[in-house]
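Survey of secondary and tertiary structure
Each chain, letter by letter, is given below.
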Amino acid sequence: MNDQPVQSDLAALDEAYQRWSESAAAVLAKSRRVDVADLPDAPEALLSTSTADGLTVRPLYTRKDETPEPGLPGAFPYVRGADPARDVTAGWRVTERFGDDPAVGAAAVNTEILEAMNNGTSGLWIAVGGAVSADDLATVLDGVYLDLAPVTLDVGENGIAAAEAFAAIRAGAPEPPVTIAPTVGTTHSLGLSPLTAAFSGRPTVDAAEATALAVANPDPALRTFRVDGADFATAGADNGLEIALVVGAALTHLRDLTDAGLSPAQALTQVSFGVSVDDDQFASIAKLRALRKIWARVAGVLDAPEVGGALTHAVTALSMYSQRDPWVNMLRSTVAAFGAGVGGADQVSVLPYDAALPASKRTSGPTFTRRIARNTQLLLLEESNVGRVLDPAGGSWFVESLTDDLASNAWAVFTDIEAAGGYRAALSSGWVADRIGESLARRDVEVAHRRKPVTGVSEFPNLDEKPLGQDTADTTGLATGGPRLARVGRAFEALRDRSDAVLADTGRRPTVLLLPLGSVAEHNGRTTFVANLLAAGGIAVINPGPVTADDIADLATAADTPIAVICGTKQRYADDGPAALAAARAAGLGTVLLAGPEREWPATESDGQAKPDGSLRVGIDAVATLQDLFDTLTTSTPVGADTSGASA
């Protein structure tokens, strides 16, 4: 166990940090071509970033940031994991989802399950209500050793019947040849989520009926309630808000259970947590650790710290999945699964890479996509050996600080929920919807300005990708989705859908003409940037290579578009920009834009016609800009169009 830094160590750390700060300041000043004294802030502030939760991530963490030792895995306050008996040769439970395809019968689902378990699946997540009914559960689970493989149900309005059926199956299961004591890793969940589903709009059960079910048989190895953070995260909640809401909902369940006669310790063993993890690996690690820390605090207040370990099922966030270039989702889900495993999740589910697409638009078979999702975890466990160390991020100054910061942030929001009268009151008053709406709006701004890039969508899009069809915007039927699902890249993908429609109707995408000035070396960076930006909105470009003012009239006629973008360097704009702009105006191009900051255009005392109509540059609201350009391209008369038959 590490001791806190002593006073003499702190002095040495201060001196070393000052040396680093001076060196960083010199580099920053050189890169900005200013003196160190002219930097607007200290290097730490200039190099820090802010998270969606409003937390600050600093560029350097030292022993000065060391926090008190958070205990051992499986011991209070459970920051380092809830399971003291985890088998490090197995790691977390690779939990695979089944039963979403209504065309597949119960017997076929059972075959899929047994095959998956032969190939590495160690936990089951079963959707009840589609292909599988409550009466089908016995068939679906035939041959599954329920003492070894944890089962989580995803149930709708018939959840009580499904829960009772599963409890009966478990009670009637034959005695195993070797008795194994239940652990966190073998705990089942009936998956009843009445409080979180009340926000997301998923079908669910009555909370009072679920409470009565739990009180009738409070088995700690069979948890009744699943407080599902995905109901909030897929709607746009940031990490701190998600944690606060699931803790608020879980505490409401505890109050209902204790009011119905259970002890606090019994009530605590009736709750499990679903946690959404995304491609921000450190945030995902800290989220799981912070949730356990807060839940342990709740258990401590209830005088039941011995059962205060939050059982967590991490699921890759459907909201981070893209419909465009969906293969990139394999990379996103790999990072998310890594974060979940390192963060100490008890079960991890990786959604298939095409999970954001309607079933009718998927080009890969479910057997293949499930195998890829399963193997993502198996490679992390069996080849990268990520599960062989409990809490491998423990002791990292950055991760421990981020965990504490996130826990403090979430606790502050949780106390706001309590001040509002508790979770139910906050939900019914609209407080929950308002806070999640604010969080979503902040995220949308980051995405629109491309500060939060979506590879294959807002960055590096493939405009030649095969069109998906016009019903892709309807994602209400997606497994693990819901009416409030707000995918990160949806605004850009909506523009791509519009572009596909134009292509289908006219045989040509909306197109912009580039006017590169100077040599390729001079304009290539900006022509590439502009082409990438416009492609993110479904707009194609024509790049004729280096042009002069004399070439523009013919190019504009051949391009058949009302919009052009002048691309070059600041010096080239000064030398050739005004002549190129004048030629573009004379050629009838109604909108002429500049690649790069507007300040690079040469100063002029003439009227506004001597300046471009705007600029395409880093930091703009790309979604709004692309929408405006798209509207112009689809409503304006292109250069060279035949208007002889138009009415006056």
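Residue numbers run consecutively from 1 along every chain, following the written order of its sequence. Reporting of local features is limited, given that this is a predicted model, to residues whose pLDDT is at least 70; pairs of side-chain atoms are given and counted only at 80 or more, and all residues count toward the totals for whole chains, interfaces and linings. Excluded from the side-chain calculations are hydrogens and water; all other atoms, namely the structure's heavy atoms, are used.

Right, let's get into the overall build of the chain. Each helix and strand counted, the chain has 21 helices and 15 strands in total. Its C-alpha atoms give the chain principal-axis dimensions of about 90 × 70 × 50 Å. Accessibility here uses a 1.4 Å probe with only protein chains present; expressed as a share of the type maximum, an area under 20% marks a residue as buried, one over 50% as exposed, and anything in between as partly exposed. Burial status across the chain gives 52% buried among its 648 residues. Only the protein chains shown count as cover for residues, with accessible areas throughout obtained via the Shrake-Rupley method and a probe of 1.4 Å. Total accessible area computed for the chain in this model is approximately 27,700 Å², and 53% of it derives from carbon and sulfur atoms. For this count, His and the chain ends are skipped, Lys and Arg are scored as positive, and Asp and Glu as negative. In plain terms, the charge of a residue is placed at NZ if it is Lys, CZ if Arg, CG if Asp and CD if Glu. Positive and negative side-chain charges of the chain, numbering 51 and 82 respectively, have mean locations separated by a distance of 3 Å. The numbering of helices and of strands both runs from the N terminus, where a helix is a DSSP run of H or I of at least 4 residues and a strand a run of E of at least 2.

One less than the number of residues in a helix, times 1.5 Å, gives the span that helix is expected to have. The first and last C-alpha atoms of helix 5 (residues 159-172) sit 20 Å apart over 14 residues, in line with the 20 Å expected at 1.5 Å per residue. What helix 5 keeps buried is the set G159, I160, A162, A163 and F166. Down the axis, helix 5 shows its buried residues gathered within 160° of arc, on one side only. Of the residues in helix 5, the exposed ones pointing more than 90 degrees away from the buried face are A171 and G172. At its buried positions, helix 5 is contacted by helix 4 (137-140), strand 5 (151-154), strand 6 (188-192), helix 7 (207-216) and strand 7 (222-228). Of all possible arcs, the one meant is that of the directions from the helix axis to the C-beta atoms. Contacts between residues were defined by any pair of non-hydrogen atoms, one from each residue, lying within 4.5 Å.

Attention now goes to the domain arrangement of the chain. Domains assigned within the chain are domain 1 (93-352 + 364-429) and domain 2 (508-636). Centre-to-centre separation of domain 1 and domain 2, based on C-alpha positions: 51 Å. Here the limits of each domain have been adopted from an automatic or database domain assignment.

Attention now moves to unusual backbone geometry. Between F76 and P77 the backbone carries a cis peptide bond, its omega angle lying at 10°. Following the sequence through the fold, P77 ends up in the loop between strand 2 (56-57) and strand 3 (93-98). The backbone of R33 sits at a positive phi, close to 60°, despite the residue not being glycine. In this structure, R33 sits in the loop between helix 1 (7-32) and helix 2 (43-47). Given a relative accessible area of 80%, R33 falls into the exposed group. One non-glycine residue with positive phi stands out, namely D560, at about 55°. Its place among the elements puts D560 in the loop between helix 19 (552-559) and strand 13 (563-567).

Once that is clear, we can look at the packing of aromatic side chains. Put simply, two rings from Phe, Tyr or Trp (the six-membered ring, in Trp's case) pair if the centres are within 6.5 Å, and we call them stacked under 30 degrees between planes, edge-to-face over 60, tilted for the rest. Enumeration over the complete set of coordinates arrives at ten aromatic pairs. Judged by centre distance (5.1 Å) and plane angle (75°), the rings of F273 and W295 are edge-to-face. In this pair, F273 is assigned in strand 8 (residues 271-277) and W295 in helix 11 (residues 281-301), connecting sequence segments 22 residues apart. A single burial state applies to F273 and to W295, both of which are buried. Either the NZ atom of lysine or the CZ atom of arginine qualifies as a charge over a ring when it sits within 6 Å of the ring centre and within 35 degrees of the ring normal. One cation-aromatic arrangement involves R97 over W125; the distance from NZ or CZ to the ring centre is 4.5 Å. Its guanidinium or amino end placed over the ring of W411, R297 lies 4.0 Å from that ring's centre, counting from NZ or CZ.

In this analysis an axis means a line fitted to C-alpha atoms, helices contributing only their contacting stretch, and an angle means the value between N-to-C directions, from 0 to 180 degrees. Between helix 9 (residues 239-259) and helix 11, the least distance of the axes is 10 Å, while the angle of their chain directions is 30°. Judged by the inter-axis angle, helix 9 sits roughly parallel to helix 11. The two elements helix 9 and helix 11 cross, and the hand of that crossing is right-handed. Here N239, E242, I243, V246, V247, A250, L251 and L254 of helix 9 come into contact with helix 11, specifically with A283, K287, A290, L291, I294, W295 and V298. Angles are sorted into four bins: roughly parallel if under 35 degrees, roughly antiparallel if over 145, roughly perpendicular if 65 to 115, and oblique for all others. Crossings are classed by handedness, with left-handed meaning an anticlockwise turn of the near helix from the far one by less than a right angle and right-handed meaning a clockwise turn.

A few words on the environment of A622. One can find A622 in helix 21 (residues 622-635). By relative accessible area, which is 1% here, A622 ends up buried. C-alpha separation for the pair A622 and V447, spaced 175 residues apart in sequence, amounts to 8.7 Å. Beyond its immediate stretch of four places on either side in the chain, A622 contacts A448, R450, F492 and L533.

A carboxyl oxygen of Asp or Glu within 4 Å of a side-chain nitrogen of Lys or Arg is what we treat as a salt bridge. Tallying each qualifying case throughout the model produces 37 salt bridges. K287 serves as the salt-bridge partner of E242, at 2.6 Å between the closest nitrogen and oxygen. Linking E242 in helix 9 with K287 in helix 11, this pair joins segments that are 45 residues apart in sequence. A relative accessible area of 4% places K287 in the buried class. We note a salt bridge from R526 to E600, for which the minimum N-O separation is 2.7 Å.

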